[in-house]
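Coordinate inspection notes
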Amino acid sequence: MKQFLFDCIVDKKNICGMTEEVRSIEQIIDKGRNVVIYGPRNYGKTSLVKSVVIPNFKKKNKKTLTVCIDFMGVLTLEDIFKKIINGFEFAF
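What comes next concerns the included structure. (Residues numbered from 1 in each chain as written. Predicted model: local features only at pLDDT ≥ 70, side-chain atom pairs only at ≥ 80, totals over all residues. Heavy atoms only, no water.)

1. Describing the overall build of the chain
Of regular secondary structure, the chain possesses three helices and zero strands. Overall, the chain is about 40 × 30 × 20 Å in size when its C-alpha atoms are taken along their principal axes. Burial analysis of the chain (92 residues in total) assigns 16% to the buried set. Restricting to contacts in the chain with at least 6 residues of sequence separation, those with at least 24 account for 49%. Surface summary for the chain: the accessible area is close to 7700 Å², and the carbon and sulfur share equals 59%. In the chain, 16 positive and 10 negative side-chain charges are present, and the distance between their average locations comes to 7 Å. (Helix = DSSP H or I, 4+ residues; strand = E, 2+ residues; numbered from the N terminus. Buried < 20%, exposed > 50% of the residue type's maximum accessible area, 1.4 Å probe, protein only. Contact = heavy atoms within 4.5 Å. Areas by Shrake-Rupley, 256 points an atom, 1.4 Å probe, with all protein chains shown as cover. Lys, Arg positive; Asp, Glu negative; His and termini not counted. Charge placed at Lys NZ, Arg CZ, Asp CG, Glu CD.)

This is the structure we're talking about:
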């Protein structure tokens, strides 16, 4: 059953109405190109990537490492380094 979830990472079954967005993102990634996803807060950007795009990518590319880093709230270079280290630690 689909639920309205807010201010959290939404799982795949509760993401609706973004089929075309997923297709477009995956086509760009399959071509080896970079993707920038932007939009207002709480529109589902992070959920779409973490719950749909990355799992689909991992299924097709078994020997890859995906690293997610959220730079929100970063104020200094030290903050950036900490976020990058945390992202890699979590990925491994």
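What follows picks up the thread again.
2. A few points about the packing of helix α1 (residues 19-30) against helix α2 (residues 45-60)
Contact pair α1 / α2: the axes reach a minimum separation of 11 Å and the direction vectors enclose 45 degrees. Taken as axis vectors, α1 and α2 run oblique relative to one another. Crossing of α1 against α2: the hand is right-handed. Packed against α1, whose contacting residues are E21, V22, I25, E26, I29 and D30, the element α2 presents L48, V52, V53, N56, F57 and K60 at the interface. Tallied by class, residues from the contact of α1 with α2 come to seven nonpolar, one polar and four charged. (Axes fitted to C-alpha atoms, helices over the stretch in contact; angles between N-to-C directions. Parallel < 35°, antiparallel > 145°, perpendicular 65-115°, else oblique. Left-handed = near helix turned anticlockwise from the far one by under 90°. Nonpolar A, V, L, I, M, F, W, Y, C, P; charged D, E, K, R; others polar.)

3. Some remarks on the pattern of salt bridges
Going through the model one piece at a time under the given rule, you end up with three salt bridges. In this structure, K60 and D30 form a salt bridge, with 3.3 Å as the shortest nitrogen-oxygen distance. Of this pair, K60 sits in helix α2 while D30 sits in helix α1, placing them 30 residues apart in sequence. For K60, a relative accessible area of 48% translates into the label partly exposed. Among the residues examined, D30 registers a relative accessible area of 53% and is labelled exposed. (Salt bridge = Lys/Arg side-chain N within 4 Å of Asp/Glu carboxyl O.)

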